[in-house]
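Observations on chain architecture
Chain by chain, the residues run as shown.
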Amino acid sequence: MFRGLEHTAIASPNPQKLAQWYVDHLDFVINYEYAGNYFVKAANGTMLEIIPGEGNLPAQKLDEPGLRHLAVMVDDFEAAHQRLKAGGVRFLGEPVNRQGNRLLFFTDDDGNILHLIQRENPLP
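Only a predicted model underlies this, so the values are computations on that prediction, with no experimental measurement involved.

Helix and strand counts for the protein chain stand at two helices and nine strands. Shown N-terminal to C-terminal, the secondary structure of the protein chain runs as helices and strands in the order β-α-β-β-β-β-α-β-β-β-β. Over its C-alpha atoms the protein chain spans a radius of gyration of 15 Å, differing by no more than 12% from the 14 Å that the globule rule assigns to 124 residues. A principal-axis box enclosing the C-alpha atoms of the protein chain has dimensions of 45 × 35 × 30 Å. Per-residue burial for the protein chain yields a buried fraction of 33% across its 124 residues. Within the protein chain, counting contacts between residues at least 6 apart in sequence, those at least 24 apart form 47% of the total.

Right, dumping it as structure tokens:
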């Protein structure tokens with residue numbers, strides 16, 4: 001009956017600008033838009049809906065309750081890291097190796113936390 005998540009929504013003070021950030025930095029494509037809402041789609045089919053948000057953006061921390069990050073899987077960690085660095089992306093630390101996995105936390109243009117990951121072995 002339940003097949004999985006179709007998309008995750010992110011509220012932004014400037015949805016068009018944030019959608020373009022995902023296009024420019026993570027190779028997403030804007031695959032649908034309506035009334036100031038933007039759906040961006042990754043190469044593997046996962047989607048984000050970026051919707052208009054009001055008010056100030058709260059500061060986010062990795063250990064606060066609630067949704068903490070979006071994990072972005074890559075085939076070539078070093079190349080992805082260098083591309084993000086060249087694009088002026090804000091990192092929350094240095095790359096680390098954990099249990100054979102390469103990972104690094106960074107933020108999008110609105111300060112939402114993302115997690116770059118290359119797994120040695122996929123999760124079951």
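All chains considered together, the criterion is met by three salt bridges. Where Asp-27 meets Arg-83, a salt bridge forms, and the shortest distance between an N and an O atom there is 2.8 Å. Within this pair, whereas Asp-27 is found in the loop between helix 1 (15-26) and strand 2 (29-34), its partner Arg-83 is found in helix 2 (residues 77-86), the two being separated by 56 residues in sequence. One salt bridge connects Arg-102 with Glu-78, and the closest N-O pair in it is separated by 2.6 Å. Here Arg-102, found in strand 8 (residues 101-107), pairs with Glu-78, found in helix 2; they are 24 residues apart in sequence, far enough to count as distant.

Let us look at helix 1. For an α-helix, 3.6 residues make a turn, and residues three or four places apart therefore share a direction. Along its twelve residues, helix 1 runs 16 Å from first to last C-alpha, staying within 8% of the 16 Å computed at 1.5 Å per residue. Every buried residue of helix 1 is accounted for by Pro-15, Leu-18, Ala-19, Trp-21, Tyr-22, His-25 and Leu-26. Viewed end-on, helix 1 has its buried residues packed into an arc of 150°, placing them on one side of the element. The first or second residue beyond helix 1 is Asp-27, which carries a positive phi of 60°.

What follows deals with the sheet that holds strand 4 (residues 47-52). Judged by pairing direction, the sheet is mixed, and its four strands sit side by side in the order 1-4-3-2 without closing on themselves. Every other strand in the sheet has two partners, leaving strand 1 (7-12) and strand 2 as the edge strands with one partner each. Between one strand and the next, the sheet's axes are offset by a mean angle of 25°, whatever the strand orientation. Pairing of strand 3 (residues 37-41) with strand 4 involves four bridges; the strand directions are antiparallel. Opposite Phe-39, over in strand 4, you have Glu-49 as the bridge partner. Contacts between helix 1 and the sheet are confined to strand 1, strand 2, strand 3 and strand 4, with strand 4 contributing the most and set at about 155° to the helix.

Turning our attention to the nonpolar core. The biggest cluster of nonpolar side chains holds 22 residues, and the ones touching the most others in it are Trp-21, Tyr-22, Leu-26, Phe-106 and Leu-116. Where this core is concerned, the elements lending two or more residues are helix 1, strand 3, strand 4, helix 2, strand 8 and strand 9 (113-118). Here this core gets five residues from one element, more than from any other, and that element is helix 1. Non-local contacts of Trp-21, meaning those with residues more than four positions away in its chain, are made with Leu-26, Val-89, Phe-106, Thr-107, Asp-108, Asp-109 and Leu-114.

If you trace the backbone, Glu-49 turns up in strand 4. Excluding its chain neighbours within four sequence positions, the residues that come into contact with Glu-49 are His-7, Thr-8, Ala-9, Ile-10, Tyr-34, Asn-37, Tyr-38 and Phe-39.

The rules behind the values
Residues numbered from 1 in each chain as written. Predicted model: local features only at pLDDT ≥ 70, side-chain atom pairs only at ≥ 80, totals over all residues. Heavy atoms only, no water. Helix = DSSP H or I, 4+ residues; strand = E, 2+ residues; numbered from the N terminus. Rg over C-alpha atoms; globule rule 2.2 N^0.38 Å. Buried < 20%, exposed > 50% of the residue type's maximum accessible area, 1.4 Å probe, protein only. Contact = heavy atoms within 4.5 Å. Salt bridge = Lys/Arg side-chain N within 4 Å of Asp/Glu carboxyl O. Expected span 1.5 Å × (residues − 1). Arc of directions from axis to C-beta. Pairing = 2+ DSSP bridges. Axes fitted to C-alpha atoms, helices over the stretch in contact; angles between N-to-C directions. Core = buried A, V, L, I, M, F, W, Y, C linked by side-chain atoms within 4.5 Å.

By themselves, these figures tell us nothing about what the structure is for.
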